[in-house]
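# Secondary and tertiary structure notes
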Amino acid sequence: MQLNLAAFIFDLDGVITDTAEYHYLSWQRLADEEGIPFSRQDNEQFRGVSRRDCLEILLAGRNYPEKRVQELLVRKNNYYQDLINEISSANIIAGVLKLLKELKQYRIKLAVASASKNARFVIKKLGIEEIFDTISDGYSVKKTKPAPDLFLHTAEKLRIKPAACAVVEDASAGIEAALAAGMIAIGIGPAERVGKAHYRFDLPEEINLSDIIKVN
Ligand code: B16
Ligand code: MG
């Protein structure tokens, strides 16, 4: 089925760039320092989930005082920022630039909606700030993914109805949020993770726009 879509909203980490790996490395370092068991497999649950919610999952009921929780959040973010300091346009996932340019040609609005408070910095580093009509990040709304708020907020800024928006997401929390927002969900990754999406691709470079949108 080909749809009449007016906007594409992109998740950042895991869709536009593989900072998901840097989040993982930072959490692993923190967990090791704290003697908390953690693995790459556990990190899958952290995709699209806010920093605070990730820490709560990591702590798994361990009762840390708020001051200590804050210290852990700052430490994790420092590790992450050290890693993203080094990124450049070379870190854009294959096929993403081509896709963005193609969408622009069709006069489809483009947005980023990321749960990350570092999203603007990362987009700047990637050198793609100018391509997007609007950027929403971890500061934009209170209720993060899987709540639909971030995507609805983004559609509102674009002045486009949710039903005319597609969301490209790599996280199960993000697909849930897109569906709850009444948008078309395009999942990037394995079916176990993003299988609930309307469309699913293993990689962004496999997205075939003419299968999804009406191209005149
Ligand atoms: P920060 P996305 C999300 O970004 C990441 O997937 C998730 O792993 C991370 O915890 C979250 O951002 C918060 O990031 O600590 O930088 O605020 O996938 O929604 O672009
Ligand atoms: Mg993501």
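No experiment lies behind these values; they were computed from the predicted model shown.

### Details of the site of ligand 1
Near ligand 1 lie 18 residues; those nearest to it are V49, R51, S114, S116 and N118. Here an oxygen atom of ligand 1 and a backbone polar atom of K117 are 2.7 Å apart. For the shell around ligand 1, the elements supplying multiple residues, two or more each, are helix 3 (51-59) and helix 4 (66-84). Residues belonging to the shell around ligand 1 are distributed by class as follows: 6 nonpolar, 5 polar and 7 charged.

### Considering helix 3
Those residues of helix 3 lying buried are C54, L55, L58 and L59. Seen along its axis, helix 3 keeps its buried residues to an arc of 130°; they face one direction. Considering only its buried residues, helix 3 is in contact with helix 1 (19-34) and helix 4. Within two residues after helix 3, A60 carries a phi angle of roughly 40°, on the positive side.

### Regarding the coordination of the magnesium ion (ligand 2)
Within the protein, D11 (OD), D13 (O) and D170 (OD) serve as the donor atoms for the magnesium ion (ligand 2), at 2.0 to 2.1 Å. Mapping the donors of the magnesium ion (ligand 2) onto the primary sequence yields the spacing D-x1-D-x156-D. Placement of D11 in the loop between strand 1 (7-10) and helix 1 and of D170 in the loop between strand 4 (165-169) and helix 8 (172-180) is noted, with a sequence separation of 159 residues between them. Residue classification places D170 among the buried residues on the basis of a relative accessible area of 1%.

### Brief notes about the side chain of S114
Its place among the elements puts S114 in the loop between strand 2 (109-113) and helix 6 (119-126). A residue is classified by how much of its surface remains accessible, and S114, at 1% relative accessible area, is buried. In this structure the side chain of S114 is engaged in a polar contact, spanning 3.0 Å, whose partner is the backbone nitrogen of S116. With residues up to four places along the chain from it excluded, the contact list for S114 reads D11, L12, A119, S136, D137, G138, K145 and L150.

### Observations regarding the domain arrangement of the protein chain
For an interface, size is often stated in terms of accessible area lost upon the parts coming together. Its domain assignment divides the protein chain into domain 1 (7-18 + 92-211) and domain 2 (20-84). Between domain 1 and domain 2, the C-alpha centre-to-centre distance is 24 Å. With 15 residues of domain 1 at the contact, the number on the domain 2 side is 15 residues. When the two sides are added together, the surface that domain 1 and domain 2 hide from each other amounts to roughly 1100 Å², 47% of it contributed by carbon and sulfur. Summed over the three residues of domain 1 that lose the most area to domain 2, namely D18, N118 and R193, the buried surface amounts to 38% of that side. Seen at the junction of domain 1 and domain 2, the total is 2 salt bridges. R193 is the salt-bridge partner of E44, the closest N and O atoms lying 3.1 Å from each other.

### Brief notes about the environment of N63
If you trace the backbone, N63 turns up in the loop between helix 3 and helix 4. Counting along the chain gives 47 residues from N63 to L110, while the straight-line C-alpha distance between them is 42 Å.

### Looking at the nonpolar core
Counting 38 residues, the largest nonpolar core has F8, F10, I16, F132, I186, I207 and I212 as the members making the most contacts within it. Lining this core are residues from two domains, each supplying at least three of them: domain 1 (7-18 + 92-211) and domain 2 (20-84). Judged by nonpolar contacts, the second largest core, of 21 residues, contains A111, L150, I160 and A177.

Calculation criteria
Residues numbered from 1 in each chain as written. Chains lettered and ligands numbered in written order. Predicted model: local features only at pLDDT ≥ 70, side-chain atom pairs only at ≥ 80, totals over all residues. Heavy atoms only, no water. Near = heavy atom within 4 Å. Polar contact = N/O pair within 3.5 Å; in protein donor to acceptor, adjacent residues only side chain to side chain. Helix = DSSP H or I, 4+ residues; strand = E, 2+ residues; numbered from the N terminus. Nonpolar A, V, L, I, M, F, W, Y, C, P; charged D, E, K, R; others polar. Buried < 20%, exposed > 50% of the residue type's maximum accessible area, 1.4 Å probe, protein only. Arc of directions from axis to C-beta. Contact = heavy atoms within 4.5 Å. Donors = N, O, S within 2.8 Å, 3.2 Å for Na, K, Ca; no water. Domains from an automatic or database assignment. Buried area = accessible area lost by both parts, 1.4 Å probe. Salt bridge = Lys/Arg side-chain N within 4 Å of Asp/Glu carboxyl O. Core = buried A, V, L, I, M, F, W, Y, C linked by side-chain atoms within 4.5 Å.

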